[in-house]
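Now for the letters of each chain:
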Amino acid sequence: MIKVQKADAEKGMEQAIVSLSIVVPCFNEEAVLPELIRRVSAVAETCVGSSWELILVDDGSTDRTRDMITELAETKLNIRAIILSRNHGHQKALSAGLTYVRGTNILVLDADLQDPPELLPDMLELMQDGADVVYGQRRQRAGETVAKRTTAAAFYRLLDQLTDVDIPLDTGDFRLMSRTVVDYLNTMPEEDRFIRGMVSWLGFRQIPLPYDRAERFAGETKYPFKKMLRLAVDAITGFSIVPLRLATWLALLTTVLGLTLIVWVLFQWFTGDVVSGWSSVMVVVLLVSSVQLLTIGILGEYIGRLYLQSKRRPHFVVERVVSGPDEHS
Ligand code: UDP
Ligand code: MG
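Everything quoted here is computed from the prediction, not taken from an experiment.

Attention shifts here to the environment of L120. Assignment of secondary structure puts L120 in helix 4 (residues 120–128). On the accessibility criterion, L120 (1% relative accessible area) is buried. Considered as a pair, L120 and W52 are 68 residues apart in the sequence and their alpha carbons are 12 Å apart. The contact partners of L120, leaving out residues within four places of it in the chain, are L20, V43, A44, C47, L107 and L176.

See below:
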């Protein structure tokens, strides 16, 4: 009989004690919390009975969110509160929540109900059909400004061009993941965390689920332009060393242009139609600038490798181990 072992990341990890964990980072979300709890509890009950937990992470809120979350955790059986010491930002808050999960499947959700929790049954069904990650892919984004939609669209496309990892377009952090994927995700210690990219990087079977993004239920966006820009920079620098290669490409360009110019400069020199000293200065400037750019490019290659190494990501990700009939385990 063929034996299939689970992936390494799952070995030695805490056993799943519920079917479903739902992780929600919250920053000043007092206006949406009651509705969030109502909708999440309803859909979780219908899908998995009482075998679920809701992990609410308070990301240093300055309104009543922190108190509300603490009280909910104290009074409700399925709710746990993780209170961060200060505002760490969405991606770090989410990372914190993901280290506390005890479920077989893990749903990541924004607090503002822009991503409908009611998609959970469809997501679970896709998981049963063999997916390891089901990510929500936005068809439409209601109630968001044209500026936000265009910058988001441009950003996802630029990211796609710059990175080797297939990070799906128009996808946020709204996704259902298997325990193996989350365990692996938790082993990635990198400082700047662009979670949707990290999940794509892990591989496994990732299936999109198209949906229409709703308006924020209440309150206003906690992602002002500055934070969005920061996320975009984290995404590009975290998943691409292409910018470091820019110098190499410029060096190639200046070498080709420089060589052409040198031919012209020498021609001028031979015909004697130049000020004394011009030709030699031109040749030196053109050659030296190419050499400089090229050496900066070489430095970039090494720095890029050092940078990737410093992330200490797992060297490989094992999905499962299959062994033949004779092998003893
Ligand atoms: N969030 C957070 N820390 C922050 C900013 C945002 O935990 O510093 C949470 C926020 O409470 C919400 C999610 O991240 O649950 C997404 O934020 P938001 O909905 O404001 O972003 P948008 O949908 O406008 O991009
Ligand atoms: Mg939102």
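Another point: the pairing of strand 2 (residues 18–26). Strand 2 sits mainly inside the fold: eight of its nine residues count as buried. By the bridge criterion, five bridges tie strand 2 to strand 5 (residues 103–108) in an arrangement that is parallel. In the sheet register, V18 faces strand 5, and the bridge partner there is G103. Assessed by its sense of winding, the connection that carries the chain from strand 2 through helix 1 (residues 33–48) to strand 3 (residues 52–58) is right-handed.

The residue Y135 is located in strand 6 (residues 133–141) in this model. The exposure class assigned to Y135 is buried, which follows from its relative accessible area of 9%. Taking the C-alpha atoms as reference points, Y135 and P208, 73 residues apart in sequence, are found 5.0 Å from one another. Aside from chain neighbours lying at most four places away, what touches Y135 is P168, T171, F174, R175, Q206, I207, P208 and L209.

Next up on the list: unusual backbone geometry. At N28, a residue that is not glycine, the phi angle is positive and equals roughly 55°. Relative to the helices and strands, N28 resides in the loop between strand 2 and helix 1. Here N28 falls in the partly exposed class, since its relative accessible area comes to 21%. Of note in this structure, D170 is not a glycine but carries a positive phi near 50°. Here D170 shows up in the loop between helix 5 (146–162) and strand 7 (171–178).

Below, the discussion takes up the packing of helix 1 against helix 4. Put simply, helix 1 and helix 4 touch, their axes get as near as 10 Å, and they point 35° apart. Regarding helix 1 and helix 4, the two cross each other, and that crossing is right-handed. Taking contact as the criterion, the partners of V43, A44 and C47 in helix 1 are, on helix 4, L120, P121 and L124.

To continue, consider the pattern of salt bridges. Two side chains bearing opposite charge may form a pair once their charged atoms approach each other closely. All told, the structure shown has 23 salt bridges when counted by the stated rule. Residues R139 and D212 are paired through a salt bridge, measuring 3.2 Å at the closest nitrogen-oxygen approach. Here R139, found in strand 6, pairs with D212, found in strand 8 (residues 206–213); they are 73 residues apart in sequence, far enough to count as distant. The class of D212 is partly exposed, set by a relative accessible area of 40%. Through salt bridges that share partners, E29, D112, R216 and K222 make up one connected network.

What follows deals with the layout of surface pockets. By volume, the largest pocket is sized at about 1,200 Å³. Together, 49 residues line the largest pocket, and H90, K148, Y223, M228 and L231 are the ones closest to its centre. Contributing elements (two or more residues each) for the lining of the largest pocket: strand 2, helix 3 (90–98), strand 6, helix 5, strand 7 and helix 8 (225–239). Here the lining of the largest pocket takes eight residues from helix 8, the largest share from any one element. Taken together, the residues that form the lining of the largest pocket break down as 16 nonpolar, eleven polar and 22 charged.

Bringing the coordination of the magnesium ion (ligand 2) into the picture now. Around the magnesium ion (ligand 2), the protein supplies D112 (OD) and Q114 (OE1) as donor atoms, at distances of 1.8 to 2.0 Å. In terms of burial, D112 and Q114 fall into one category: buried.

Rules used in this analysis
Residues numbered from 1 in each chain as written. Chains lettered and ligands numbered in written order. Predicted model: local features only at pLDDT ≥ 70, side-chain atom pairs only at ≥ 80, totals over all residues. Heavy atoms only, no water. Helix = DSSP H or I, 4+ residues; strand = E, 2+ residues; numbered from the N terminus. Buried < 20%, exposed > 50% of the residue type's maximum accessible area, 1.4 Å probe, protein only. Contact = heavy atoms within 4.5 Å. Pairing = 2+ DSSP bridges. Right-handed = clockwise from strand over helix to strand, strands pointing away. Axes fitted to C-alpha atoms, helices over the stretch in contact; angles between N-to-C directions. Left-handed = near helix turned anticlockwise from the far one by under 90°. Salt bridge = Lys/Arg side-chain N within 4 Å of Asp/Glu carboxyl O. 1 Å grid on protein atoms, 1.4 Å probe; cavity = no way out; pocket = protein on both sides within 12 Å on 5 of 7 lines; lining within 4 Å. Points joined across faces, edges and corners; volume = space filled by probe spheres on them. Nonpolar A, V, L, I, M, F, W, Y, C, P; charged D, E, K, R; others polar. Donors = N, O, S within 2.8 Å, 3.2 Å for Na, K, Ca; no water.

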